[in-house]
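Residues per chain are reported as follows:
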Amino acid sequence: MLSLTDVCKGYASSEGRVTVLDGVSLSLAAGETLALTGESGSGKSTLLHLCAGLDAPDSGRIEVAGHPMGRSDAERAALRRGTVGLVFQQFNLIPSLDVAANLAFQARLAGRHDPRWQADLVATLDLGSLLVRYPEELSGGQQQRVAIGRTLAARPALVLADEPTGNLDEASGDRVMALMLRLVAETGAALLMVTHSPRLAARLDRQVHLRGGRLT
Amino acid sequence: MTGPMIALSALLSHWARHRVQAALLLIGLALATALLTGVQAINAEARASYDRAASALSQDKLPRLVAERITVADYVALRRAGWPVSPVIEGEALIGGQTLRLIGIEPLTLPSGVAPDIGLAGDPTGFLTGKVILSAEALNDPRVRPAELPPGVALTDIGVAAGILGPEISYLLLTGDRPAPPGYALIHPATTDLSQLTESFHLNLAAFGYLAFGVGLFIVHSAIGLAFEQRRGMFRTLRALGLSARALTGLLLAELLVFALVAGAAGVVLGWLIAGALLPDVAATLRGLYGAEVGSGLTLRPVWWLSGLGIAVLGMLASAGQSLWRLGRLPVLAPAQPRAWGRESARAMRGQALAGVGLIGAAAGLLAVRGLWAGFGVLAGLLLGGALMLPLLMAALTRAGQRLPDTWARLDAGDVFINEQLALRRGLAPGDRVEQGVIAGIYPDYGNPMPQVILSWDRHRALYPLPVLRYALITDIPAAEIRAAFPRVVVEDRAAIRKASVAVFERTFAVTAALNVLTLGVAALAMFASLLTLSSRRLPQVAPVWAMGLTRGRLAQLEFLRTLALAALIYGLALPLGLALAWVLLAVVNVEAFGWRLPMLLFPGDWLRLGMLSLLAAGLAAALPVHRLARIAPAELLKVFAHER
C-alpha cells in the first residue's frame, strides 16, 4: 500500500543545510498497522507529510497504492482525496460546520458518501448526541472522534495519523485509539501512525524508530 | 453535491457564523459601487442632455454674426448682398406657465444639415405657419408639441418668436468660413461647446466617485482580510483533505464573485437613488455655471446594471487580490509553520511600502505633465502612495503664488493685462507679447472659461475700429435708481450677480457636500472594519499578557488608548499629505480644469478641530472591538495557546 525507497529530505537553515531524512526506506502492506516513533525533531512528521503528498522529497521514490507520488499539487491533492486519510493531532475540524457536516465532509469531497456507513460510524464513535453541535462546543476527545469519523467515512486505503491522541488525556486517548484501530481493521485500511508513546506503538502490528534521519 | 460544491459550501458556511462581517463586506462593496455608478449616472445623464442639445440645436455649432442691433431690414440687406445668413431670435419666454429658452429659427434659410428634423417632418406646415412650438417639457399650451429637445428649450418658427420676444434679431447664423461683413462681429462656435466647458466639472465628479470607490474598497479589503485570517485553519484543512491550491483559489474566487454580484446589484439600485437625489442640484449647478440644461429625470438603464456589476466584480478582485496572492504562496504545511502567514504578511507590507514609494514617485513625475488627467493621476498617486507608506512624511510642497504687479500705468501706455487662462493656454508671462501688446501683468479670473485681454480704451480703438457693440460704465449707484432715471439703459447689478453666483456655488457645494458625507460615512465604516480585523489579529499578542495576570478590562483599556495613539499618529502623518493634496488641487487640477488658480490659505484652527474629530471617530470605531475584548471568553484566549486559531 505504501512504499518509500531511499527518501531524503532536508531544509535550509541559518546554520546551513539540515538533513531530516537520510535515505529512508519502508513499506506497508494493505491492512497492516505501523507505528513510527522517535524523539521530537527526528523527522516523524516530515515523513508523514511526504507520504501524504503535503511535501515533496528531495530525492527517493514514494508509491501509494502502487502509484508513484505525483509531481504536481493537483495530483497530490487527488491522492489525498481518493486514497489517503489524515488524522491530525490538532483535529482540524471545519469550525463553521456542525458535527454531521464535518463527518460527511471528506467522503462527499471524494464522492464516496455512504449514509449507512456514516450512521455506523456515528454509532461506533458515540457521536449521536453531538451531531448538531459545532467543533468549538466539543471536548478534545469528542473532536478527535469526529476527526477519525471524518477520515474513515471516506474509506481511505491508507490512514496517516500524526499523534492522534497527543492532545488527549490517557483515558480519552486509549478510548480513541481503540476506536480508531477497530475501524481501521474493519475497513481493511493500512495505518501509519506517528506517536511518542511506546505504549500506544506496541498496540500496532509493527514499530519503526526514526533517529538521525534513518529508520532503526 | 459534487466535491467542489461541498468545499464551496464549507467556505460559505463561515459567513453564516459571521454575519456582521458578511454585512460589512456587502455594505462596503455596495456603497463603493453605488457612489461610483451614481456619479457615472449623473455624468451620463448630463452628457446625454448635451448630445440631445447638440443634435437638436446644431445651429449652436455655426458661426454667428452679432451686432449692437440687427433688424429684419439688416438681415434682408445681407441676403440681397449674397451673404448666406439665417436669422435667429432667442430669449427667455414664459410658455405654458414655465420660463423656457425660446429659439425662433427661419427654416427656409437655415443651412442644410442644421434644420432640426423634429416637427418639420411630422408637421412642416404647422411649424412654418407658426402654430407649433416644439419642446421636451410637458407644457400647458395648445401650441406645444413634444420633441427630442434639451430640457428648458423651446423651438419655433421665427415669426412666433418675434411675436413673443420682439422683432429684433438676436444673431445671424453664417454658413462657410468667411470674415464678418462690415458692422458685424463674428463669434465662433467653439466658444459655445457645452461638452468642453463642462468636461472638467464631470471629471471632478468622476474623481469624487473614484475616491469614494477607493475608500469603499478599503472596507472590502479589511473584511476579506479578516475572513481569510479567520479561515486560515479551514484553508489548510481543505488542502490537507485533498483540495489543490488552484481549486481552493478558484472556489474562493467563486465565493467572492457571488458577493460581488449581490453587492453590485444593491449598489446599482443605491447608486440610482443617490444619482436621482443629487441630479437636481447638479443640473442647477451646470445651468448656473455654464448655462447647460440637464434633465432632472433619471432612468435605470440596462447598461448601468452591467457596468455596476462589472465595477463591483473588479473592485472585489482588487480588494481580494492581496489575500488571494498570499493564499496562493502559503505553503500547504502551514500547520507546521504557524508563522508562515505572519511572514507572508510582513513581506506584503514591505512590498506595499515599496509600491507606495513608487506611486509617490510616479505622482511627482506626473507633476511635469500638463492636463487634467495628469492632475488627477497626481492626486491618486499621492493618496494611494500615502496610504501604502504611512511612515514616510510628505515633502513640503510650496510654491509662491503669482502676484499681479501694480502696473495700471503701463496699461495707459499701451501694454495689456491678460487673464490666467490665456497665460496658461499659451504659456505666456509678463514681458511676453500678444497681438494686442506687451503683457504688463496676469490677473486671476475666477470662474471665466475664456481667455481674455484687458487693454486701454485708446489701444482698443486703435486696434479694433469696429462699431462699438456695447458701452459699459461701472458705478456704485444702486441699480434701482439708474433704472428709474434711465429706463433704456441695461443695468447689470453686480450685487445681484454676486448673490446669484453665491447661490449657484451653494448648490455646487451641496452636491460635493452630499458626496463628502457619503464618502466620510464609507471611510468611517472602513475604519471600523479595519479595527475589527486588527482586534482579531491582535489576540495572539494580547493572550500572553492576559495569561500573565492583566485583566481583560485593563487590556481593553490599553487597546483603546493604543487605538487613540495610533489615530493621533496617523492624523499627524495625514495632515501634510492632505495639505499636499490641497496644493495639487489648487495649483494643478484647478488650473487644468478651469484655467485659474486659487490661493492656498491655511487654517490651523480647523486642523485642531479635525484632529479632535479624528480621535472621536477612532474612539467610536474602536468601541465595539474593545468592548468585545473586555468581554471575550477566556476559552477564546486559551485557543491561542492551543494553536487552534
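The structure reproduced in this document is the subject of the present report. Every value quoted in this text rests on a predicted model; they were computed, and no experiment measured them. (Residues numbered from 1 in each chain as written. Chains lettered and ligands numbered in written order. Predicted model: local features only at pLDDT ≥ 70, side-chain atom pairs only at ≥ 80, totals over all residues. Heavy atoms only, no water.)

Comments concerning the overall build of chain B
Part 1 of the reasoning: Summing up its helical and strand segments, chain B has 19 helices and 12 strands in all.
Part 2 of the reasoning: Each of the 645 residues in chain B was classed as buried or not, and the buried ones make up 44%.
Part 3 of the reasoning: Here chain B displays about 32600 Å² of accessible surface, and carbon together with sulfur accounts for 65% of that area. (Helix = DSSP H or I, 4+ residues; strand = E, 2+ residues; numbered from the N terminus. Buried < 20%, exposed > 50% of the residue type's maximum accessible area, 1.4 Å probe, protein only. Areas by Shrake-Rupley, 256 points an atom, 1.4 Å probe, with all protein chains shown as cover.)

Side note on the pairing of strand 7 (residues 171-174) of chain B
Taken residue by residue, a regular strand's side chains alternate between the two faces of the sheet.
Residue and element names in this part refer to chain B.
Part 1 of the reasoning: Every second residue of strand 7 is oriented toward a common face, with Y171 and L173 on one face and L172 and L174 on the other, all of them buried.
Part 2 of the reasoning: Looking at chain direction, strand 1 (residues 64-66) and strand 7 are connected through two bridges and run antiparallel. Considered in strand 7, the bridge of L65 is made with L172.
Part 3 of the reasoning: Bridge count between strand 2 (residues 85-95) and strand 7: four bridges; the pairing is antiparallel. Note on strand 7: the bridge partner recorded for V85 is L174. (Pairing = 2+ DSSP bridges.)

Details of the interface of chain B and chain A
Part 1 of the reasoning: Between chain B and chain A, the residue contacts involve 23 residues of the former and 24 residues of the latter.
Part 2 of the reasoning: Together chain B and chain A conceal approximately 2200 Å² of surface at their shared face, both sides included; 62% is due to carbon and sulfur atoms.
Part 3 of the reasoning: Of the charged contacts in the structure, one is a salt bridge between D73(A) and R239(B), with a shortest N-O distance of 3.1 Å.
Part 4 of the reasoning: Taken together, the connections running from chain B to chain A amount to eight residue pairs in polar contact (both at pLDDT 80 or more).
Part 5 of the reasoning: When contributions to the side of chain B that touches chain A are tallied by element, the ones reaching two or more residues are helix 1 (3-17), helix 7 (232-240) and helix 8 (245-290) of chain B.
Part 6 of the reasoning: With seven residues, the single largest contributor to the side of chain B that touches chain A is helix 1 of chain B.
Part 7 of the reasoning: Counted by class, the side of chain B that touches chain A contains 13 nonpolar, six polar and four charged residues. (Contact = heavy atoms within 4.5 Å. Buried area = accessible area lost by both parts, 1.4 Å probe. Salt bridge = Lys/Arg side-chain N within 4 Å of Asp/Glu carboxyl O. Polar contact = N/O pair within 3.5 Å; in protein donor to acceptor, adjacent residues only side chain to side chain. Nonpolar A, V, L, I, M, F, W, Y, C, P; charged D, E, K, R; others polar.)

Side note on helix 1 (residues 44-51) of chain A
Part 1 of the reasoning: Where burial is concerned, most of helix 1 of chain A is hidden: seven out of the eight residues are buried.
Part 2 of the reasoning: Among the residues making up helix 1 of chain A, those that are buried are K44(A), T46(A), L47(A), L48(A), H49(A), L50(A) and C51(A).

Looking at the packing of aromatic side chains
Part 1 of the reasoning: If you walk through the whole model with that rule in mind, you get two aromatic pairs over all chains.
Part 2 of the reasoning: Pairing F228(B) with F235(B) gives two aromatic rings, centres 5.4 Å apart and planes at 70 degrees, and the pair type is edge-to-face. The residues F228(B) and F235(B) share a single accessibility class, namely buried.
Part 3 of the reasoning: Above the plane of the ring of W117(A) lies R155(A), whose end atom (NZ or CZ) is 4.3 Å from the centre.
Part 4 of the reasoning: Residue placement shows R64(B) over the ring face of Y171(B); its charged tip is 3.9 Å from the ring centre. (Phe/Tyr/Trp six-rings, centres within 6.5 Å; stacked < 30°, edge-to-face > 60°. Lys NZ or Arg CZ within 6 Å of the ring centre and 35° of its normal.)

Some points on the side chain of S456(B)
Part 1 of the reasoning: Inspection of the secondary structure puts S456(B) in the loop between strand 12 (453-454) and helix 14 (457-463).
Part 2 of the reasoning: Contacts of S456(B), omitting those with residues within four sequence positions, involve L411(B) and D412(B).

Focus: the sheet that holds strand 11 (residues 437-443) of chain B
Residue and element names in this part refer to chain B.
Part 1 of the reasoning: In space, the four strands of this open sheet follow the order 10-11-9-12, with mixed pairing throughout. Looking at strand neighbours, the two that pair on one side only are strand 10 (433-434) and strand 12, the edges of this open sheet.
Part 2 of the reasoning: Of the pairings in the sheet, the one linking strand 10 to strand 11 comprises two bridges and is antiparallel in character. What sits directly across from V434, in strand 11, is G437.

Quick look at the sheet that holds strand 9 (residues 206-211) of chain A
All names here are of chain A.
Part 1 of the reasoning: Pairing is mixed in the open sheet, where six strands are placed in the order 6-7-8-3-9-10. Each edge of the open sheet carries a strand with a single partner, namely strand 6 (84-87) and strand 10 (214-215).
Part 2 of the reasoning: Bridge count for strand 9 against strand 10 is two bridges, and the pairing is antiparallel. Bridging from a neighbouring strand, L210 pairs with L215 of strand 10.
Part 3 of the reasoning: Where helix 1 meets the sheet, it contacts strand 3 (33-38), strand 7 (158-162), strand 8 (190-194) and strand 9, and its direction lies at approximately 150 degrees from that of strand 7.
Part 4 of the reasoning: Packing of helix 6 (residues 170-187) onto the sheet brings it into contact with strand 3, strand 7 and strand 8, and relative to strand 8 it is tilted by some 155 degrees. (Axes fitted to C-alpha atoms, helices over the stretch in contact; angles between N-to-C directions.)

As for the pattern of salt bridges
Opposite charge on two side chains permits them to pair, given that their charged atoms come into close proximity.
Part 1 of the reasoning: Enumeration over the complete set of coordinates arrives at 16 salt bridges over all chains.
Part 2 of the reasoning: With a shortest N-O distance of 3.2 Å, E136(A) and R17(B) are connected by a salt bridge. Remark: R17(B) occurs in helix 1 and E136(A) occurs in the loop between helix 4 (115-124) and helix 5 (140-153); the pair is interchain, linking two chains.
Part 3 of the reasoning: By relative accessible area, which is 32% here, R17(B) ends up partly exposed.
Part 4 of the reasoning: A salt bridge links E559(B) to R562(B), with the shortest nitrogen-to-oxygen separation between them at 3.2 Å. Here the residue E559(B) and the residue R562(B) both occupy positions in helix 17 (residues 552-594), the gap between them amounting to three residues, near one helical turn.
Part 5 of the reasoning: Assessed through its relative accessible area of 30%, R562(B) is described here as partly exposed.

Re the packing of helix 5 of chain A against helix 6 of chain A
In helix packing, the relevant descriptors are the interaxial angle and the interaxial distance, both defined with respect to the helix axes.
Residue and element names in this part refer to chain A.
Part 1 of the reasoning: Where helix 5 meets helix 6, the closest approach of the two axes is 10 Å, and the angle between their N-to-C directions is 10 degrees. Put simply, helix 5 runs roughly parallel to helix 6. In this structure, helix 5 contributes G141, Q144, R145, I148 and L152 to the contact, and helix 6 contributes R175, V176, L179, M180, L183, V184 and T187. (Parallel < 35°, antiparallel > 145°, perpendicular 65-115°, else oblique.)

Side note on the environment of M69(A)
All names here are of chain A.
Part 1 of the reasoning: With respect to the helices, strands and loops of the structure, M69 is situated in the loop between strand 5 (67-68) and helix 2 (73-82).
Part 2 of the reasoning: For M69, a relative accessible area of 16% gives the class buried.
Part 3 of the reasoning: It is 9.2 Å that separates the C-alpha atoms of M69 and L50, two residues lying 19 residues apart in sequence.
Part 4 of the reasoning: Not counting residues up to four positions away in its chain, the partners in contact with M69 are L50, C51, A52, G53, I62, V64, R76 and L79.

Focus: the pairing of strand 6 (residues 153-157) of chain B
Residues and elements named next belong to chain B.
Part 1 of the reasoning: With respect to burial, strand 6 is a largely interior element, five of its five residues being buried.
Part 2 of the reasoning: Judged from the five bridges that link them, strand 3 (residues 98-105) and strand 6 form a sheet pairing that is parallel. From the neighbouring strand, I105 faces strand 6, where its bridge partner is D157.

Points about unusual backbone geometry
Residues and elements named next belong to chain A.
Part 1 of the reasoning: Phi at F91 is positive, roughly 70 degrees, even though this residue is not glycine.
Part 2 of the reasoning: Within the secondary structure layout, F91 lies in the loop between strand 6 and helix 3 (99-110).
Part 3 of the reasoning: One non-glycine residue, N92, lies in the positive phi region at around 50 degrees.
Part 4 of the reasoning: Given the relative accessible area of 11%, N92 is considered buried.

Keep in mind that these numbers describe shape and distance, not what the molecule does.
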